[in-house]
Amino acid sequence: MPTYRDIIRAATERLRASHSDSPRLDAEVLLCHVLGIDRTELYRRLPLPLATPLDRFWELVERRARGEPVAYLTGHREFYGLDFLVTPATLIPRPETEYLVTWAAERLRLRRDRPRCVDVGTGCGAIVIALAVTLRTETSAHLVGSDRSLAALRVARTNRDRLAATDVHLVCGDLLSWCRGPLDLVVANLPYLRWEQWHPGIAFEPPEALFAPDDGFGLYARLLPQAATLLRPGGACIVEIDPDQAERAMKTARLVFPTAHIAIEPDLAGLARYLTIELPEKDRAS
Ligand SMILES: C[S@@+](CC[C@H](N)C(=O)[O-])C[C@H]1O[C@@H](n2cnc3c(N)ncnc32)[C@H](O)[C@@H]1O
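Criteria and thresholds
- Every chain is numbered on its own, with residues counted from 1 as its sequence reads.
- Given that the model is predicted, a residue must reach a pLDDT of at least 70 before its local features are reported, and side-chain atom pairs must reach 80 or more before they are shown or counted; all residues, however, enter totals for whole chains, interfaces and linings.
- As a rule here, side-chain values come from all non-hydrogen atoms in the structure, and water together with hydrogens is ignored.
- Comment: axis = line fitted to C-alpha atoms, over the contacting stretch for helices; angle = value between 0 and 180 degrees taken between N-to-C directions.
- Secondary structure elements are taken from DSSP: a helix is a run of H or I of four residues or more, a strand is a run of E of two residues or more, and numbering for both begins at the N terminus.
- Just so you know how the angles are binned, under 35 degrees is roughly parallel, over 145 roughly antiparallel, 65 to 115 roughly perpendicular, and the rest oblique.
- Note: crossing handedness is left-handed where the near helix turns anticlockwise from the far helix by less than a right angle, and right-handed where it turns clockwise.
- Pairs of residues are marked as contacts when any of their non-hydrogen atoms sit within 4.5 Å.
- Under the scheme applied here, ten amino acids are nonpolar (Ala, Val, Leu, Ile, Met, Phe, Trp, Tyr, Cys and Pro), four are charged (Asp, Glu, Lys and Arg), and all others, including Gly, are polar.
- The span you would expect from a helix comes to 1.5 Å times its residue count less one.
- To define a nonpolar core, start from buried Ala, Val, Leu, Ile, Met, Phe, Trp, Tyr and Cys residues and group those joined through side-chain atoms within 4.5 Å.
- Accessible area is worked out with a 1.4 Å probe on protein chains only. A residue is then buried under 20% of its type maximum, exposed over 50%, and partly exposed in between.

Chemist: Before we go on, may I ask you to explain the packing of helix H9 (residues 218-230) against helix H10 (residues 246-256) in this structure?
Modeler: Two packed helices can be described by the angle between their axes and the distance between those axes. As a packed pair, H9 and H10 sit with axes 10 Å apart at the nearest point and diverge in direction by 30 degrees. Relative to H10, the element H9 lies roughly parallel. Between H9 and H10 lies a crossing whose hand is right-handed. Contacts between H9 and H10 involve Ala 221, Leu 224, Pro 225 and Ala 228 from the first element and Arg 248, Thr 252, Ala 253 and Val 256 from the second. In terms of residue class, the contact of H9 with H10 is made up of 6 nonpolar, 1 polar and 1 charged.

Chemist: For this particular structure, what's the right way to read H9?
Modeler: Under the 1.5 Å per step criterion, the end-to-end length of H9 is 19 Å for 13 residues, consistent within 8% with the ideal 18 Å. The inward-facing, buried residues of H9 abut strand E3 (116-120), strand E6 (183-188), strand E7 (231-240), H10 and strand E9 (272-278).

Chemist: Teacher, can you tell me more about the nonpolar core here?
Modeler: What tends to happen in soluble globular proteins is that the nonpolar side chains get buried as a cluster. By size, the foremost hydrophobic cluster in this structure holds 37 residues, and its most contacted members are Val 120, Leu 176, Val 186, Tyr 220, Leu 223, Phe 257 and Ile 277. Listed by contribution, the elements that provide at least two residues to this core are E3, E6, H9, E7, H10 and E9. If one sorts the elements of this core by residue count, H9 sits on top with 6 residues. The next biggest cluster of nonpolar side chains, apart from the first, holds 34 residues, and it includes Leu 100, Leu 108, Ala 130 and Val 187.

Here it is in structure tokens:
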């Protein structure tokens, strides 16, 4: 009878042949998912015989070999240390997006009143729910996640309830067109890819969560002027961009927020990834 180790080896070989970037890890995660155990338990069992029928496991290995992301196969993705449900209706949250949560949380902590923050294009709710969980005891921030996709919002609602972030409001709408403001913070990881940037690694994710018109900057070109009319003096905004858009993002932000402190910040790979905008307090009118 094969051992757990034999099964992992065979699945790893199958996935290596299909050009998975992390065949061994994928095999382990899928086996753990099917058996309902964690990886510590899997390692303990490696030398033991595995008697359970594994049809479901091999079916998932084949789907992974055809390119389906592990997160869609298991239905889970870790983001900011939290377990989020994901479906093919939502983007799979990326590690570089975690910085938006850290940056936004720092700004919200500085405010004594009840700051209002919107995560535009919330998808599975990763940013706004991570913010709510992180800030739970520190501020009474009013947190909203919005998206144009009802299917994505349904997943966000489930994540909100599972992670007990009940104070997060979810709204369906185009960018900030539904919002009356005023706001203290706008956070967004909107689609920013150009169609030429398509590659097989993103083939299973919803195109409307990935691609934007006008060289990938079209949604931010609409969002930034909306944010400018809604943000209070002293307010702030952070958006995740494609590194190729840094110059255009800077120019647009300077036009739209002429008195703000504007910066492009790098991600951990050193790529220009975040546009940050901080409005001066002295203009505070409301
Ligand atoms: C790149 S995904 C990001 C999801 C999530 N914020 C994250 O970081 O994992 C972009 C999201 O923006 C939404 N979206 C696209 N166009 C939009 C629009 N015009 N107004 C609101 N949301 C939009 C998509 O449905 C998708 O959920």
